[in-house]
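Structural overview
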Amino acid sequence: MGEDEVINLLTGNIIYVLAAVVLIIIIVKGVRIVPQSEKHVVERFGRLHSVLAPGINFVVPLLDNIAHKISVLERQLPTASQDAITKDNVLVQVDTSVFYRIIEPEKTVYRIRDVDAAIATTVAGIVRAEIGKMDLDEVQSNRAQLINTIKTSVEDAVDDWGIQVTRAEILDVNLDQATRDAMLQQLNAERERRAQVTRAEGQKRAVELAADAELYASKQIAEARRIQADAEAYATGVVAEAIARNGIEAAQYQVALKQVEALNALGKGDGKQTIILPANMIEAFGDAFKMLKGRG
């Protein structure tokens, strides 16, 4: 086939060739593959027509236009710092960070121009309002509750923009140097108060234990005296019973026994004692020995 014949063949089928090219272009333009992390906003004649979900989608070529390609991945706002005044008039600087994702791009692209700036402004206002309701101690101790309140308030504020707030974080609460110094003095005073209370409780416990020891010792002495008194009463009873059975001789015998025991004790001394005896003591000892000898 010569060159002229090829040209004549193409010239005769130009309409079919053009039709095939147009069909290929329509197919290519009419099929849209959307990535999993995106959603595409379709406009027809400048108006919102549809939103393409991830996967294969079909549009009308030349009529439909992909106007916006919106990522649905979670985003993080840059860390922002804003000043706020607490309920007890303390100036604090709060560092916040917010995470969000776009779930309805048709609302986001047509209702708000700068999403990040709008959310940052909303967060700043909510943080100042919420901290203004709390004392400084509450801000420090109830941070989790404050974060939850801020997240809920931001969600309500950005709901019309097709945005979902996934997390809100308070990274730090900074104080000016004067407030830091005052808090440090208060902390030191509280520590000293606790130390004094601890020392006072220790002294009180020591006094209580000493009193308990004295009470225990007194009880033991009293118990010993009671036992000794019982023993003496028992001995007296035995002597009284013996006297009742044997008459006066039993009593004389006991007296003589005591006298002999006393004399024996004197004999065991080291000889340095000075003892004054009655004049009739020797006769009494002699009588005692006679009585004991008679008893034997």
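Residues numbered from 1 in each chain as written. Predicted model: local features only at pLDDT ≥ 70, side-chain atom pairs only at ≥ 80, totals over all residues. Heavy atoms only, no water.

For the protein chain, an unreviewed UniProt entry supplies the name SPFH domain-containing protein and the organism Seohaeicola nanhaiensis. Taken from UniProt, the Subcellular location (unreviewed entry) comment for the protein chain reads in full: "Membrane". (UniProt positions renumbered as here; feature names shortened; annotations may be inferred.)

**Re the overall build of the protein chain**
Along the protein chain, the regular secondary structure elements total nine helices and nine strands. Buried residues in the protein chain amount to 22% of all 296 residues. Sequence-distant contacts in the protein chain: of pairs separated by 6 or more residues, those separated by 24 or more amount to 65%. Here the protein chain has roughly 20800 Å² of accessible surface; of this, 57% comes from carbon and sulfur atoms. (Helix = DSSP H or I, 4+ residues; strand = E, 2+ residues; numbered from the N terminus. Buried < 20%, exposed > 50% of the residue type's maximum accessible area, 1.4 Å probe, protein only. Contact = heavy atoms within 4.5 Å. Areas by Shrake-Rupley, 256 points an atom, 1.4 Å probe, with all protein chains shown as cover.)

**Let's talk about the nonpolar core**
The tendency in soluble globular proteins is for nonpolar side chains to be buried as a group. One finds Val-92, Ile-119, Ile-131 and Ile-163 to be the most contacted residues of the largest nonpolar core, which totals 31 residues. Elements represented by at least two residues in this core include exactly strand E8 (91-102), helix H4 (115-131), helix H5 (136-141), helix H6 (143-158) and strand E9 (163-175). The greatest single-element share of this core, amounting to seven residues, is contributed by H4. If we ignore the near neighbours within four places in the chain, the residues touching Ile-119 are Leu-77, Val-98, Tyr-100, Val-158, Trp-161 and Ile-163. (Core = buried A, V, L, I, M, F, W, Y, C linked by side-chain atoms within 4.5 Å.)

**Description of the pairing of strand E2 (residues 38-44)**
Where E2 meets strand E5 (residues 64-71), seven bridges bridge the pair, whose relative direction is antiparallel. Bridge pairing in E5 links Arg-44 to Asp-64. Across five bridges, E2 lies against strand E3 (residues 47-52) in antiparallel orientation. Within E3, the residue paired with Val-42 across the bridge is Ser-50. (Pairing = 2+ DSSP bridges.)

**Some words on the packing of aromatic side chains**
Counted under the stated rule, the structure contains zero aromatic pairs. Lying across the ring of Phe-99, Arg-167 places its NZ or CZ 4.0 Å from the centre. (Phe/Tyr/Trp six-rings, centres within 6.5 Å; stacked < 30°, edge-to-face > 60°. Lys NZ or Arg CZ within 6 Å of the ring centre and 35° of its normal.)

**Focus: the sheet that holds E2**
Where strands meet in a sheet, backbone hydrogen bonds hold them as pairs that are either parallel or antiparallel. The strand order E3-E2-E5 describes an open sheet built from three strands, whose pairing is antiparallel. Because the sheet does not close on itself, it has two edges, and the strands there are E3 and E5. Going across the sheet, the axis of each strand differs from the next one's by a mean of 30 degrees, ignoring polarity. (Axes fitted to C-alpha atoms, helices over the stretch in contact; angles between N-to-C directions.)

**Digging into unusual backbone geometry**
Backbone geometry follows two general trends: most residues other than glycine have a negative phi, and most peptide bonds adopt the trans configuration. You will see that Phe-45, though not glycine, has its phi angle at about 55 degrees, which is positive. Locating Phe-45 in the fold gives a position in the loop between E2 and E3. The exposure class of Phe-45 is exposed, given its relative accessible area of 68%. Not every positive phi belongs to a glycine, and Leu-62 is a case in point at roughly 70 degrees. Within the secondary structure, Leu-62 sits in the loop between strand E4 (55-58) and E5.

**Points about H6**
Between its first and last C-alpha atoms H6 spans 22 Å; for 16 residues at 1.5 Å apiece the expected length is 22 Å, and the two agree. Regarding H6, the residues found buried are Leu-146, Ile-147, Ile-150, Val-154 and Val-158. Mapping the buried residues of H6 onto a view down its axis gives an arc of 100 degrees, with all of them on the same face. H6 presents Ala-144, Gln-145 and Asp-156 as exposed residues on the side facing more than 90 degrees away from its buried surface. The inward-facing, buried residues of H6 contact H4, H5 and E9. (Expected span 1.5 Å × (residues − 1). Arc of directions from axis to C-beta.)

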